[in-house]
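What follows is the residue order along each chain.
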Amino acid sequence: MTTTLITGGTVVSATGRGAADVLIDGETIAAVLAPGSQLLGTDVAASVDTVIDATGKYVIPGGIDAHTHMELPFGGTNASDTFETGTRAAAWGGTTSIIDFAVQRYGERVQDGLAAWHEKAAGNCAIDYGFHQIVGGVDDESLAAMRGLLDEGVSSFKLFMAYPGVFYSDDAQVLKAMQVSAETGLLTMMHAENGPAIDVLAAQLADAGKKAPYYHGIARAWQMEEEATHRAIMLANLTGAPLYTVHVSAKQAVEQIAWARDQGWNVFGETCPQYLYLSLEEQLGAFSEEWGQFEGAKWVCSTPLRSRNEGHQHHMWQALRTNDIQMVSTDHCPFCMKGQKELGLEDFRAIPNGIGSVEHRMDLMYQGVVTGRITLERWVELTSTTPARMFGLYGRKGVIQPGADGDVVVYDPNGHTSISAASHRMNMDHSAWEGFEIDGHVDTVISRGKVIVDAGQYLGAKGDGQFLKRGLSQYLI
């Protein structure tokens, strides 16, 4: 059992900040001490195995990315990050836990889908990991299987109002699944877009010769997200199910969530860095010498990037300040341009949907602190504390306190990070964040007491991460 003392830093929580030293004993935090405290002896530093000097830096709980898709089969290919490469990249960026999605499709058993994802992840992860369960085929068998998910440490499941023929659930299936949610306490996660209507619009655009990536964003209009979000909220209210809407991108969808929360309902939402920074005009409509109009394929994801002219990005930052949106995940689902995104070279409908961001979330959100969009405490709340509470991990994760796992990040506000495909660690041949400059830097990352990143060196190993059995959401009203 090794002991580590982090000294001289400013410990930041969701509720405040202050000078403190953090003592980690083995895998857990043993004490948070006032600077110079003699509570544990006159010279704590001399009695530990490792001392980390965090003078002038922030000491924060390790990031929790509650929405990733490592190795996800999609669009005739698989997401390019494996659990090994994706979690290692996450560690570099200050994320010490992920929650990925096990997949059940039409005609498959929920139990088999969960077992398949355990097989993919076990022994391969650099950081701790949990699972949500995608239920892509809602029927009597899957509804019965859902009742056993909590025993497996899976306390949330995801439904899709989009992707007919792949993951889509109609209103009757959503209703039945939400009834199970209400009975068991499982959190319903929803991809809220009107999939059948989107398919009609996409086909009409393609028939008119409008097949460039830009039209992905036109087909998936904000009205499709607002309508589906409202429908999901009303079905959740009818059944009594708690609802968590994933990757919210349209300001009108935020307004639906805010309305429901104003009624006191258990309705929550996440957004992602791409919806805070990127846009329909600048990214989906991009042009390059190498790819021409297909350059925009780098940013094809669903829900899509929204129009900057319509003000969605500004409204999303505002929603984070007002807590109409509670947390920020990545929806990390990377695909390379060569051999993957280019499957849709002739038709945007065939472009695999996804952006890679798991390495950059903590930095991108810290830049929001630098620019005055959110506070330092809100940064920690959005990226660590609320994800832990929302998904049944708080106390063990998301907080620096005695008894919590020793997941700690030392962040240098005077450092600098340049984002580029030439230097990132994700398994991608491009970066959705090429050229972004961050006025801060992840210096040291500790996962369950083990230093896995320090001074520009990766010190972790494949298999360091353990499966997280989660409890019910701790965020419900």
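See the structure printed just above.
Scope of this entry: the structure provided in the associated data block. (Residues numbered from 1 in each chain as written. Predicted model: local features only at pLDDT ≥ 70, side-chain atom pairs only at ≥ 80, totals over all residues. Heavy atoms only, no water.)

Looking at the packing of aromatic side chains
How we decide: Classification of ring pairs uses Phe, Tyr and Trp, with its six-membered ring standing for Trp, and accepts pairs whose centres are within 6.5 Å; under 30 degrees between planes counts as stacked, over 60 as edge-to-face, and the remaining range as tilted. Numbering goes from the N terminus for both helices and strands, where a helix is a DSSP run of H or I of at least four residues and a strand is a run of E of at least two. Exposed residues in this analysis have more than 50% of their type's maximum accessible area, buried residues have under 20%, and partly exposed residues fall in between, with area computed by a 1.4 Å probe over protein chains only. Charges are assigned to positions over rings by a cutoff of 6 Å between ring centre and Lys NZ or Arg CZ, combined with an angular limit of 35 degrees from the ring normal.
Taken as a whole and assessed by the stated rule, the structure comprises 21 aromatic pairs. Relative to Trp-433, the ring of Tyr-277 lies with its centre 6.1 Å away and its plane at 90°, an arrangement referred to as edge-to-face. On the criterion of sequence distance, the pair formed by Tyr-277 in helix α10 (residues 273-277) and Trp-433 in the loop between β19 (417-418) and β20 (437-438) is long-range, its members being 156 residues apart. There is no split in this pair, since Tyr-277 and Trp-433 are both buried. Chaining the aromatic ring pairs together yields one cluster made of Tyr-58, Tyr-366, Trp-379 and Tyr-411. Across from the ring centre of Trp-117, 4.8 Å away, lies the NZ or CZ of Lys-120, which sits over that ring. Over the ring of Phe-101 we find Lys-158, and its NZ or CZ is 4.6 Å from the ring centre.

Examining the pairing of strand β22 (residues 450-454)
Going by this rule: A strand pair is defined by DSSP finding two or more bridges across the two strands.
The sheet contact formed by strand β21 (residues 441-447) and β22 spans four bridges and is antiparallel. Across the sheet, the residue bridging to Ser-447 is Lys-450, located in β22. What sits between β21 and β22 in their antiparallel hairpin is a turn of two residues, with Arg-448 showing a positive phi close to 45°. Two elements, β22 and strand β23 (residues 457-458), share two bridges in a ladder whose sense is antiparallel. Residue pairing for β23: Val-453 is matched across the bridge by Tyr-458. Once β22 ends, the chain turns through two residues before running back antiparallel as β23, passing Ala-455 with a positive phi of about 50°.

What to know about the pattern of salt bridges
So the rule is basically this: Think of a salt bridge as a Lys or Arg side-chain nitrogen and an Asp or Glu carboxyl oxygen that are within 4 Å of each other.
Per the counting criterion, the structure on display carries 24 salt bridges. For Arg-231, the salt bridge is made with Asp-171, and the minimal N-O distance between the two is 2.6 Å. One end of the pair, Arg-231, is in helix α8 (residues 222-239); the other, Asp-171, is in helix α5 (residues 171-184), and 60 residues separate them in sequence. Owing to a relative accessible area of 18%, Arg-231 belongs among the buried residues under this scheme. By relative accessible area, Asp-171 is classed as partly exposed at 35%. When the shortest N-O distance is used, the salt bridge between Glu-282 and Arg-308 registers 2.6 Å. Of the two residues, Glu-282 sits in helix α11 (residues 280-284) while Arg-308 sits in the loop between α11 and α12 (312-322), which places them 26 residues apart along the sequence. With a relative accessible area of 43%, Glu-282 lands in the partly exposed category.

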